[in-house]
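# Observations on chain architecture
Letter by letter, the chains look like this.
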Amino acid sequence: MFNIAYYQDLRAAGASSALIRESLECCLLKLGRGVYSVIRRCVNARHLMYAQFIDDDEWIRYHEEQAERGQQARDPALQARYREHLNRLRILSYPSYRSGDAVWGISAAYLHRIRMFDVPRGPITVINPRDSSRTAEIERRRRPTCDDVEMHEGAVTTTAARTAVDLISLLGPAAGFAAMEQVLRRHLLGEDEDLIFRLGYPPQLMDDVPGAVDELFAGPLSRMTRGSVRAKKLAKLVSPLSESYAESRTSLLLHQLGLHEFVQQVTVFDGRKQLTRLDFLLKGPSRLDSADGDGSLPAARGPGARGEPRVALYVDGTQKYADGGFDTMNKESRQHNRLLAMGYKVIRFKFNEVMSLFTFRQKLFSQAPELKQLCDRHLLL
Ligand SMILES: [Zn+2]
């Protein structure tokens, strides 16, 4: 797969180290120390020997298409996905794992395709019950691995649930919370986001959450030596309904502010027609409920103040506008006006506005000051 060749393979095929270096500008990609991938069928006579390592034509086609379109350079999302893929390849093809090594932490999160934000590339991270060592290529920590490892694409790796829990201490509670939500969502709903979107959420979904949280996280939490109190708090709050990293961050921020009654992914009907789905909604007084009868999810307890609008939050954590183009924006602005007419207060957050409690709180309370009096039992991390 992916036309992987180790340095010794290339040398055995007749390539000098000078030739290997020269080929990096051409048809060879360096994944890590001594590990390469052939990415083109090269016409340069001196590089013909690399063809013998080609076992994956799709990988070749991918690079040819990218080169033709020059697309990667323009699309930062594609670029990021490509970098993540190379990172996974680097981890999976690393030639010098020791007996007892298990990929964990940030490297394990890459293998499990857990979304993180702003994480430097760094060395491959592994745990080993006997050894610890550190080079530019690999960081090995001495840790027991217990029951929390599995075989993942040929590499011994900590399970997705254990990996998410480990991220709490490695990247902070917000990143760990987002990882736990992703693992829970996949466990309950599968990985096919398009299918989830088409089918909608099953009505009993929230009833299944406590059991699933227990099944996934109880083991890893019980084996934590430090920070288990904080991790257990987070485990009580995770939901499968966050549809992006940014929504997970928003959910945690609301709990930190003491606003625990927001519900996620609420479908709003305009008459009998489905108008939109809100990322977060704090339901207002019941007279509005009877006016348009929305909600496919269990109703939250409403805020106390009578006659206040219901507060809806949108979090633009995705490529929504880039993908849908101008039509999406128009539709959303029609939806926006209709929501206002129906008595909703709508607040939109950009990705960077949900990365800090300070920024989030400022914007939320400046647009919906009535929420301040509803804050209760702030989540302290
Ligand atoms: Zn070449």
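Bear in mind the structure is a predicted one, so any value in this text is a computation, not a measurement.

### Focus on the overall build of the protein chain
Broken down by element type, the protein chain carries 15 helices and 13 strands. By residue count, 34% of the 381 residues in the protein chain fall in the buried class. Within the protein chain, counting contacts between residues at least 6 apart in sequence, those at least 24 apart form 60% of the total.

### Concerning the pairing of strand β10 (residues 263-270)
Examined bridge by bridge, β10 and strand β11 (residues 273-282) share 7 bridges and lie antiparallel to one another. Among the inter-strand pairings, D270 is bridged to a residue of β11, identified as K273.

### Looking at the sheet that holds β10
Read from one edge of the open sheet, 4 strands run β10-β11-β12-β13, paired in mixed fashion. Among the strands making up the open sheet, the edge pair consists of β10 and β13 (344-350). Between one strand and the next, the sheet's axes are offset by a mean angle of 45°, whatever the strand orientation. In this fold helix α12 (residues 245-256) packs onto β10, β11, β12 (310-316) and β13, with an angle of close to 140° to the strand it touches most, β12.

### A few points about the packing of helix α7 (residues 160-171) against helix α8 (residues 173-189)
Between α7 and α8, the least distance of the axes is 6 Å, while the angle of their chain directions is 170°. Here α8 runs roughly antiparallel to α7, going by the angle between their axes. Crossing of α7 against α8: the hand is right-handed. Counted together, A160, A161, A164, V165, L167, I168 and L171 of α7 and P173, A175, G176, A179, M180 and V183 of α8 form the full contact between these two elements. Class assignment for the residues of the contact of α7 with α8 results in 12 nonpolar, 1 polar and no charged.

### Some details on the nonpolar core
Generally speaking, soluble globular proteins have nonpolar side chains that are buried together. One finds A164, A179 and M180 to be the most contacted residues of the largest nonpolar core, which totals 79 residues. No other element matches the 9 residues that α8 contributes to this core.

### Looking at the sheet that holds strand β2 (residues 28-32)
With antiparallel pairing, 3 strands are arranged side by side in an open sheet as β1-β3-β2. Both edges of this open sheet fall to β1 (4-6) and β2, since each of them pairs with a single strand only. Shown here is a sheet whose adjacent strand axes are inclined to one another by a mean of 35°, direction ignored. In terms of strand pairing, β1 meets strand β3 (residues 35-38) through 3 bridges, oriented antiparallel. Bridging across to β3, I4 finds its partner in S37. Its contacts with the sheet put helix α5 (residues 76-93) on β1, β2 and β3, and the angle it makes with β2 is roughly 65°.

### Structural notes on helix α3 (residues 57-69)
Taking 1.5 Å of rise per residue, 13 residues should cover 18 Å, and α3 covers 18 Å from first to last C-alpha, within 8% of that figure. Where burial is concerned, little of α3 is hidden: 0 out of the 13 residues are buried.

### Some words on α8
Here α8 spans 24 Å end to end across 17 residues, near enough to the 24 Å set by a 1.5 Å rise per residue. The element α8 is extensively covered by neighbouring structure, given that 14 of its 17 residues are classed as buried. Residue G190 follows α8 closely and has a positive phi angle near 85°.

### Points about the environment of E181
Residue position: E181 is located in helix α8. The buried category is assigned to E181, around which 28 C-beta atoms lie within 10 Å. It is 8.1 Å that separates the C-alpha atoms of E181 and L241, two residues lying 60 residues apart in sequence. Not counting chain neighbours up to four residues away, the residues in contact with E181 comprise V238, S239, S242 and S248.

### Some words on the packing of α8 against helix α10 (residues 205-222)
The interhelical angle for the contact between α8 and α10, taken along N-to-C directions, is 115°, at an axis separation of 10 Å. Judged on the interaxial angle alone, α10 and α8 are roughly perpendicular. In terms of crossing hand, the pair formed by α8 and α10 is right-handed. On α10, the residues touching M180, V183, L184, H187 and L188 of α8 are L205, D208, A212, V213, L216 and F217. Along the lines of polarity and charge, the residues of the contact of α8 with α10 split into 9 nonpolar, 1 polar and 1 charged.

### What about the pairing of β3?
Side chains V35 and S37 project from β3 onto one buried face, and the interleaved Y36 and V38 project onto a second face that is buried too. Where β2 meets β3, 4 bridges bridge the pair, whose relative direction is antiparallel. If you follow K30 over to β3, its bridge partner there is Y36.

### Brief notes about unusual backbone geometry
At R113, a residue that is not glycine, the phi angle is positive and equals roughly 55°. Its identity is not glycine, yet Q265 carries a phi of approximately 55°, on the positive side. Position of Q265 relative to the elements: it lies in strand β10.

### Focus: the confidence of the model for the protein chain
Here the protein chain shows a mean pLDDT of 88. Residues at 70 or above account for 88%. By mean pLDDT, the top-scoring element of the protein chain is α8 (98), and the lowest-scoring one is helix α13 (residues 286-292) (41). Note on residues 286-306: pLDDT is under 50 here. Beyond four places in sequence and across chains, it has 31 contacts. Ignoring residues within four places in sequence, the model shows residues 319-325, a span with pLDDT below 50, making 4 contacts including any to other chains.

The rules behind the values
- Residues numbered from 1 in each chain as written.
- Predicted model: local features only at pLDDT ≥ 70, side-chain atom pairs only at ≥ 80, totals over all residues.
- Helix = DSSP H or I, 4+ residues; strand = E, 2+ residues; numbered from the N terminus.
- Buried ≥ 20, exposed ≤ 12 C-beta atoms within 10 Å, placed from the backbone.
- Contact = placed C-beta atoms within 7 Å.
- Pairing = 2+ DSSP bridges.
- Axes fitted to C-alpha atoms, helices over the stretch in contact; angles between N-to-C directions.
- Parallel < 35°, antiparallel > 145°, perpendicular 65-115°, else oblique.
- Left-handed = near helix turned anticlockwise from the far one by under 90°.
- Nonpolar A, V, L, I, M, F, W, Y, C, P; charged D, E, K, R; others polar.
- Core = buried A, V, L, I, M, F, W, Y, C linked by C-beta atoms within 7 Å.
- Expected span 1.5 Å × (residues − 1).
- pLDDT = per-residue confidence, 0-100.

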